[in-house]
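Coordinate analysis (summary)
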Amino acid sequence: MADIETKEDESSEKSEERLELITGRQTAAILMLLFDDDEAAKILKRLEPEEVEALGEAMFSVADVDAGQIDGSLDRFLFLTKNQSMLAYKSDEKVGRVFRQALGTSRAETMMNRFAPKRPSDIAALLKWMPTKDLAELVSNEAPQISAVLVTFMTPEAAAELLQHLPPELQEDLVYRVATMGPVSANAIGQVHALLENSTPSEEEEVAPPVELGGVMDSASMINNLPKQMSTAILKGVTKRDRKIAKQIEDEMFVFADLMNLSKKDIGTVVRKVDTSILVPALRGATPELKDMIFAAMSKRAAETIQDEIDDAPPQPMEEVLGAQKGVIAIAKVMLDNGEITMSTGGADYV
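Reading guide: rules and limits
Residues numbered from 1 in each chain as written. Predicted model: local features only at pLDDT ≥ 70, side-chain atom pairs only at ≥ 80, totals over all residues. Heavy atoms only, no water. Helix = DSSP H or I, 4+ residues; strand = E, 2+ residues; numbered from the N terminus. Buried < 20%, exposed > 50% of the residue type's maximum accessible area, 1.4 Å probe, protein only. Contact = heavy atoms within 4.5 Å. Areas by Shrake-Rupley, 256 points an atom, 1.4 Å probe, with all protein chains shown as cover. Patch = residues over 30% accessible without salt bridge, like charges linked within 9 Å, V, L, I, M, F, W, Y side chains within 5 Å. Salt bridge = Lys/Arg side-chain N within 4 Å of Asp/Glu carboxyl O. Lys, Arg positive; Asp, Glu negative; His and termini not counted. Charge placed at Lys NZ, Arg CZ, Asp CG, Glu CD. Core = buried A, V, L, I, M, F, W, Y, C linked by side-chain atoms within 4.5 Å. Axes fitted to C-alpha atoms, helices over the stretch in contact; angles between N-to-C directions. Parallel < 35°, antiparallel > 145°, perpendicular 65-115°, else oblique. Polar contact = N/O pair within 3.5 Å; in protein donor to acceptor, adjacent residues only side chain to side chain. Expected span 1.5 Å × (residues − 1). pLDDT = per-residue confidence, 0-100.

In terms of helices and strands, the protein carries 21 helices and four strands. Expressed as a percentage of the 351 residues in the protein, the buried residues total 32%. Within the protein, counting contacts between residues at least 6 apart in sequence, those at least 24 apart form 77% of the total. In the form shown here, the protein has an accessible surface area of approximately 22100 Å², with 53% of it arising from carbon and sulfur atoms.

A grouping of Glu304, Asp308, Glu309, Asp311 and Asp312 is seen on the molecular surface, where their side chains present a negatively charged patch. Within the fold, Asp312 resides in helix H20 (residues 300-312).

All right, on to the nonpolar core then. In this structure, Leu127, Leu150, Leu162, Leu174, Val175, Val238 and Ile249 are the most contacted members of the largest nonpolar core, which totals 41 residues. The contacts of Ile249, once residues within four sequence positions are left out, are Val175, Ala179, Val216, Ser219, Ala220, Ile223, Leu235 and Val238. Ranked by size, the runner-up nonpolar core spans 29 residues in total, among them Val270, Leu279, Val280 and Met298.

Between two packed helices, what matters for the description is the angle formed by their axes and the separation of those axes. Relative orientation of the contacting elements helix H10 (residues 144-152) and helix H12 (residues 168-179) amounts to 70°, with a least axis distance of 9 Å. Between H10 and H12, the angle is such that the two are roughly perpendicular. Mapping the contact onto sequence places Pro144, Gln145, Ser147, Ala148, Val151 and Thr152 in H10 and Asp173, Leu174, Arg177 and Val178 in H12.

Applying the stated criterion across every chain, the model contains five salt bridges. Here Arg241 and Asp173 are joined by a salt bridge, their closest N and O atoms 2.8 Å apart. In this pair, Arg241 sits in helix H15 (residues 228-241) while Asp173 sits in helix H12, placing the two residues 68 residues apart along the sequence. The exposure class of Arg241 is partly exposed, given its relative accessible area of 38%. Taking relative accessible area as the criterion, Asp173 reaches 13% and is therefore assigned buried.

Bringing the environment of Leu34 into the picture now. With respect to the helices, strands and loops of the structure, Leu34 is situated in helix H2 (residues 24-34). Using a relative accessible area of 47% as the deciding quantity, one classes Leu34 as partly exposed. For the pair formed by Leu34 and Ile70, sequence separation is 36 residues and the distance between their alpha carbons is 9.4 Å. Discounting chain neighbours no more than four positions away, the residues touching Leu34 are Ile70 and Leu74.

In the contact formed by H12 and helix H14 (residues 216-224), the axes pass within 7 Å of each other and the chain directions differ by 145°. Contacts from Val175, Val178 and Ala179 of H12 reach H14 at Val216, Asp218, Ser219, Met222 and Ile223.

Once that is clear, we can look at the side chain of Thr269. Tracing the sequence through the fold places Thr269 in helix H17 (residues 264-271). The exposure class assigned to Thr269 is buried, which follows from its relative accessible area of 18%. Here the side chain of Thr269 touches Lys265 through a polar contact of 3.0 Å, landing on its backbone oxygen.

Turning next to the side chain of Lys291. For Lys291, the position within the fold is in helix H19 (residues 288-296). Look past the residues within four positions of Lys291 in its chain and what remains in contact with it is Leu283, Ala286 and Gln307.

Turning next to helix H13 (residues 186-197). One turn of an α-helix holds 3.6 residues; hence residues three or four places apart share an orientation. When the terminal C-alpha atoms of H13 are compared, their 16 Å separation across 12 residues agrees well with the 16 Å that a helix rising 1.5 Å per residue should span. Those residues of H13 that are buried are in contact with helix H8 (122-128), helix H9 (132-140), H10, strand S1 (182-184) and strand S2 (211-213).

Here we come to the confidence of the model for the protein. Of the residues in the protein, 75% reach a pLDDT of 70 or more, and the chain-wide mean stands at 78. Confidence scores differ between elements of the protein, with strand S4 (residues 348-350) showing the lowest mean pLDDT of 46 and H12 the highest of 94. Predicted confidence for residues 4-9 stays below pLDDT 50, and this span has zero contacts to residues more than four positions away or in other chains.

Right, let's get into the environment of Leu55. Position of Leu55 relative to the elements: it lies in helix H4 (residues 49-61). Once the C-alpha coordinates of Leu55 and Ala28 are considered, the two residues, 27 residues apart in sequence, prove to be 7.3 Å apart. Non-local contacts of Leu55, meaning those with residues more than four positions away in its chain, are made with Arg25, Ala28, Ala29, Met32, Leu44 and Leu47.

Right, let's talk about the environment of Pro183 for a bit. With respect to the secondary-structure elements, Pro183 resides in strand S1. For the pair formed by Pro183 and Leu213, sequence separation is 30 residues and the distance between their alpha carbons is 6.2 Å.

Here you go:
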């Protein structure tokens with residue numbers, strides 16, 4: 001019995017040593033080379049662009065592996081997947097089919113929007129594969145409304161990069177249209193999808209409800225990733241067009257979490273001008289990292305006092321917490337405008 005256990009232990013140790021020789025990326029690459037072409041292609045279709053690039057590079061790097069390393073990769077794959085079930089595979093498609101069959105397409109989509117995990121749309125997936133310069137050319141030649149819908153499916157960083165390839169008048173127009181977009185029909189989204197796939201939009205009856213896209217926060221996120229000179233010019237252009245919308249965008253460009261981008265000295269300068277009645281509820285909604293930074297900028301006694309008040313205060317509505325944070329932001333913005341503090345966040349600089 002002892003001999004059997006010893007052999008099992010030795011076998012386990014050898015298996016673990018073999019696993020350590022093969023990295024996860026190499027394991028995936030070896031498996032891809034073992035699959036037939038159709039199977040490998042189906043897997044690639046489900047990956048993100050950066051994952052495809054990394055996997056392709058790894059597939060070239062493992063072309064000369066020996067039989068032992070192949071065995072090691074298979075051992076690693078089995079080791080990592082032995083406790084996995086197949087329930088998750090295409091479960092979203094299964095749930096969708098069942099609900100549509102039971103409730104009808106329209107009611108099923110409405111119901112699933114309440115509880116289904118949010119997934120990247122087909123449009124967002126297509127955009128990942130297109131160079132920004134090509135997208136900028138596409139946007140320049142399309143109807144402004146369709147271009148604005150397309151931009152809302154991009155990450156803020158990618159949207160900001162696209163803006164930099166457009167003439168100033170289009171930059172301002174896109175930012176404004178995104179900020180004021182609101183509900184978008186399924187037909188408009190279908191036009192964007194067809195545009196990216198270079199196909200004809202479907203003429204089927206529209207059954208999906210309108211989707212809320214855009215908003216001032218989306219526009220603010222784009223501008224925050226632009227160089228200061230460009231972001232300032234765009235905001236001035238939007239202000240001439242609609243002062244209220246420009247103010248809303250500017251307000252969203254600076255949120256409570258952005259205090260993390262201040263120096264310890266500047267955080268202390270801001271905190272000293274904030275009344276305790278505002279600071280205490282504001283910190284209730286702060287991340288531990290931001291709270292630590294703010295406490296570090298205060299005296300030990302002051303930080304302990306604030307922490308005690310936070311601990312002793314009863315639960316507060318989220319509206320009050322957000323209102324208090326906006327109060328702190330308002331004070332910080334005045335100080336930024338006066339040059340008392342400086343902050344850099346994303347592509348836009350605040351001075």
